[in-house]
Amino acid sequence: MRSMPIIGAVVAAGLALSACGTADSTSPTTTTSGGLTTVKLQLQWFYQAQFAGYIAAVDKGFYKEQGLDVQLLEGGVDIVPQTVLAQGKADYAVAWVPKALASREQGAGITDVGQIFARSGTYQVAFASSNIKSPADFKGKKVGNWGFGNEFELFAGMTKAGLDPGKDVTLVQQQFDMQALLKKEIDVAQAMSYNEYAQLLEATDPATGKLYKPEDFQIIDWKTVGSSMLQDAVWANTDKLKDSAYQDRTVKFLTATIKGWAFCRDNAEECRDLVVAKGSKLGKTHQLWQMNEVNKLIWPSSKGIGLVDEADWARTVDISMTTKNQTGDTVLKKKPEGLAYTNDYMRKALDAAKAAGVDTTGSSFAPRTVTLTAGGA
């Protein structure tokens, strides 16, 4: 997949908002013949275990228990979820925090109401034989990155290491796979812990004829470096949050979403199967790996799934304002104004979920060991 850099994406989103305006907070809702309220959720990418909690909440009837008929809108190359939300074409959207904040700065009226991923899943990965062990070792190297707003953890990590991303490395536009690294066309590649990193372990080492092993690679984890940013969150329409019916619907939506993610924490194989049945093009072992890794980004959650941590939010905003990309641009020009996030609805949803017997902290969660197969089949 090819994508435009975040600055271009934000401008495009802003132009779209100028043309279409934001959603009317009094816009009517649709009720099905069964008395359910129709809700549209815009995902930020194609169906995969990254969104398993929402898929499970639909398929297991958790949203219906809350009186909601939730329709999942699949993402794609040219879809900006927060723009779809701001234009009133969806009721909620899943998007990374820095990308959504950039759209807010351009006029999108959206609010983070559920910070589902508490931790970042972004890596840079190099072959162990390269001796690249930290961002400082990127100097003079070919550094792959996807752009499209996915690159700022990388740039923040390099900046923290004293490197100028525009001068000290050769930046290479990377495809959303690991072929450039495997072919050694680049020295270090961007990867999500739950997706592209697994692709490396599903590939055959030509020197041995067997699959690569974790020890064949060096991972630079931005959580360890200290430049990680908040990722998948549920965003709501800010203007609509003034309406009591939408407020109530938001609590119900989040309550069922919590139940969906808790179910996938405790039933990884079943959720893997639900995702595969949904039409994902990724294989079963790859999706089980992804389910396990996504669970690590959510659980355990000592205060409860979905609450925005103020320190994590502040770090994300700081990096968004201070870290420059290769052209000198930052994600944000100033601190977010207005209702950028709120924990009010998630707290109510957590109370409702706990009252229904849902484990909302996952304190006993332990990741499993997933054995990958060639190609992730």
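Residues numbered from 1 in each chain as written. Predicted model: local features only at pLDDT ≥ 70, side-chain atom pairs only at ≥ 80, totals over all residues. Heavy atoms only, no water.

Chemist: Help me understand the overall build of the protein in this model?
Modeler: Helix and strand content of the protein: 14 helices and ten strands. For the protein, the C-alpha radius of gyration of 20 Å lies close to 21 Å, the compact-globule estimate for 377 residues. A principal-axis box enclosing the C-alpha atoms of the protein has dimensions of 60 × 45 × 35 Å. Relative to its full complement of 377 residues, the protein shows a buried share of 55%. (Helix = DSSP H or I, 4+ residues; strand = E, 2+ residues; numbered from the N terminus. Rg over C-alpha atoms; globule rule 2.2 N^0.38 Å. Buried < 20%, exposed > 50% of the residue type's maximum accessible area, 1.4 Å probe, protein only.)

Chemist: Looking at this model, I keep getting lost on the confidence of the model for the protein. Mind explaining?
Modeler: Mean pLDDT for the protein: 92, with 92% of residues reaching 70 or above. Note on residues 1–27: pLDDT is under 50 here. Beyond four places in sequence and across chains, it has 57 contacts. (pLDDT = per-residue confidence, 0-100. Contact = heavy atoms within 4.5 Å.)

Chemist: Any chance you could explain the sheet that holds strand 2 (residues 68–73) here in plain terms?
Modeler: Hydrogen bonding along the main chain pairs the strands of a sheet, whether they run parallel or antiparallel. Spatial ordering of the open sheet is given by 2-1-3-10-4, a layout of five strands whose pairing is mixed. Bordering the open sheet on either side are strand 2 and strand 4 (110–114), each of which pairs with just one other strand. Adjacent strand axes in the sheet meet at a mean angle of 35°, parallel and antiparallel pairs treated alike. Pairing geometry for strand 3 (residues 92–96) and strand 10 (residues 232–237), over five bridges, is antiparallel. Note on strand 10: the bridge partner recorded for Tyr92 is Ala236. Packed on one face of the sheet, helix 2 (residues 52–59) meets strand 1 (37–42), strand 2, strand 3 and strand 10 and runs near 140° to strand 2. (Pairing = 2+ DSSP bridges. Axes fitted to C-alpha atoms, helices over the stretch in contact; angles between N-to-C directions.)

Chemist: Just checking my understanding: could you explain the state of the cysteines for this structure?
Modeler: Working definition of a disulfide: a covalent bond connecting the sulfur atoms of two cysteines. Taken as a whole and assessed by the stated rule, the structure comprises one disulfide. For Cys264, the disulfide goes to Cys271, at an S-S distance of 2.1 Å. On the sign convention where negative is left-handed, the bridge of Cys264 and Cys271, at about -85° about the S-S bond, is left-handed. For the pair formed by Cys264 and Cys271, the shared burial category is buried. (Disulfide = S-S within 2.5 Å.)

Chemist: What is the right way to read the pattern of salt bridges from this model?
Modeler: A side chain with one charge can pair with a side chain of the opposite charge if their charged atoms come near. This structure, assessed with the given rule, holds 15 salt bridges. Among the ionic pairs, Arg272 bridges to Asp273, the shortest N-O distance being 2.6 Å. Arg272 gets classed as buried once you look at its relative accessible area, which sits at 12%. The class for Asp273 is partly exposed, based on a relative accessible area of 36%. A salt bridge links Glu337 to Lys334, with the shortest nitrogen-to-oxygen separation between them at 3.4 Å. The exposure class of Lys334 is partly exposed, given its relative accessible area of 43%. Three or more residues are tied together by salt bridges with common partners; here these are Arg265, Asp266 and Asp359. (Salt bridge = Lys/Arg side-chain N within 4 Å of Asp/Glu carboxyl O.)

Chemist: Sorry if this is basic, but what is going on with helix 11 (residues 268–277) here?
Modeler: Every α-helical turn comprises 3.6 residues, leaving residues that sit three or four positions apart pointing alike. Buried within helix 11 we find Ala268, Cys271, Arg272, Leu274 and Val275. The buried residues of helix 11 occupy one face: seen down the axis, they fall within an arc of 160°. Contacts made by the buried residues of helix 11 are with helix 2, helix 10 (244–266) and helix 12 (284–298). Where helix 11 terminates, the next one or two residues include Gly279, which has phi positive at roughly 115°. (Arc of directions from axis to C-beta.)

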